[in-house]
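# An overview of the molecular structure
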Amino acid sequence: MPRFKAPHIPSFEITPKSVYLRRRDILGLAAGGLAMAAAPQAFAAPLTAKPTDYKVPDELTPKESVTTYNNFYEFGTDKSDPAANAGKFKPEPWTVKVDGLVGKPQTFGLEDLIKAIPVEERIYRMRCVEAWSMVIPWDGMPLASLLSLVEPTSAAKYVAFESVVRPEEMPGQSGSFQPLPWPYVEGLRLDEAMNPLTLLAVGLYGETLPNQNGAPIRLVTPWKYGFKGIKSIVRITLTDKQPPSTWNIANASEYGFYANVNPEVDHPRWSQASERRIGTGGFFGTKRVDTLPFNGYGEQVASLYKGMDLRANF
Ligand code: MTE
């Protein structure tokens, strides 16, 4: 076969059908080869991640559920909106600016970051404040590793995060109904940010992060409610003041800064004692499981909150 003359094979015959269909879904296209070439970064690529002991014995949530049942209001408020509407979003090229109270402020290209800090696989539970949950194999890097590169000063007490603003690619930022103020922002105390559990995810299920899950880089704090896991991060700022957080701005009586998973402190409108484990129980329902304090990660994080009133600091 001539070396440089590719036989004419439709792409769906070379690419496994499931992958091809998924790319097509993500791109939100009928089947345009040309359009796919114009946005090659919009579909998942394999990621090499080192296995770790960060695992849970729970059954994994199927990838299909992880990537189609989402909260990402920049793309709409229904659970199916992000997968349906995120096809136009371009997560490449990408930079993350890290600034504020640090010795070495820097703007990192995502590729360079992935080269500088080894990507690990971490299987974490994720508990949404809406009382559903998943078990997700993330690929990512400890936030502590990134922070050590910029050398926080002794004045730094908190870490503030900011998501991207791109109304031209994000229908939830451009429509007549704006569900939240933009950019989506979040924050952690510095010791929470430095905890070994705190991850910057760049992939899941061994592939680059799908747009709807927060491509190309999002926060994962498995002992906190899912809304702390800010997606598509463009800026990380070290500060001496508690940073604002989007859901707290939207409704301070219902969503606190800490947002630690706590079965004993109910949401004002529903119980937090148990959760629906998405993707379990077949077609007719999902299994309900008891919610654990700190989502089962108390051994690693409870000491961060010693002496604090967890009802007042919800
Ligand atoms: N980040 C941004 N930028 N915008 C959002 O709407 N939703 C949050 C969080 N991060 C959100 C976000 C909420 S409420 C949850 S539960 C998780 O993302 C959902 O992550 P998933 O869709 O990957 O499961």
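Since the structure is predicted, the reported quantities are computational estimates derived from the model, not experimental observations.

Quick notes on the rules
Counting restarts for each chain, with residues numbered from 1 along the sequence as it is written. Selection of residues for local features in this predicted model requires a pLDDT of at least 70, selection of side-chain atom pairs for listing and counting requires 80 or more, and totals for whole chains, interfaces and linings are taken over all residues. Each side-chain value is derived from all of the structure's non-hydrogen atoms; neither hydrogens nor water enter the calculation. Residue-level confidence of the predictor, termed pLDDT, takes values from 0 up to 100. We call two residues in contact whenever any of their non-hydrogen atoms come within 4.5 Å of each other. Buried Ala, Val, Leu, Ile, Met, Phe, Trp, Tyr and Cys residues that are joined via side-chain atoms within 4.5 Å together make up what is termed a nonpolar core. Note on exposure labels: buried denotes an accessible area under 20% of the residue type's maximum, exposed denotes more than 50%, and partly exposed covers the range between, all computed with a 1.4 Å probe on protein chains only. Numbering of helices and strands runs from the N terminus; a helix is a DSSP stretch of H or I covering at least four residues, while a strand is a stretch of E covering at least two. Pairing of N or O atoms within 3.5 Å defines a polar contact, subject to two protein rules: one partner must be a possible hydrogen donor and the other a possible acceptor, and residues neighboring in sequence count only if both atoms are side-chain atoms. By the convention used here, strands pair only if DSSP detects at least 2 bridges between them.

## Points about the confidence of the model for the protein
Put simply, the protein has an average pLDDT of 89, and 85% of its residues get 70 or more. For residues 1-41, every residue scores under 50 in pLDDT, and the model assigns this stretch 33 contacts once sequence neighbours within four places are set aside.

## Focus: the nonpolar core
Counting 74 residues, the largest nonpolar core has W138, L143, L146, F161, I217, I233 and I236 as its most contacted members. Per-element tally for this core: the top contributor is strand 4 (residues 132-142), with six residues. Discounting residues that sit within four places of it in the chain, F161 has contacts with L143, Y184, V185, E186, G187, L188, L219, I230, I233, R235 and I236.

## Remarks on the side chain of E275
With respect to the helices, strands and loops of the structure, E275 is situated in strand 11 (residues 274-277). Side-chain polar atoms of E275 contact the side chain of S133, separated by 2.9 Å. When sequence neighbours within four positions are dropped, the list of residues in contact with E275 reads R127, A131, S133, K287, R288, V289, D290 and T291.

## Here we look at the pairing of strand 2 (residues 106-109)
Bridge count for strand 1 (residues 95-100) against strand 2 is four bridges, and the pairing is antiparallel. Counterpart to V98 in the pairing with strand 2 is Q106. Where strand 1 folds back on strand 2, the antiparallel hairpin that results is connected by five residues.

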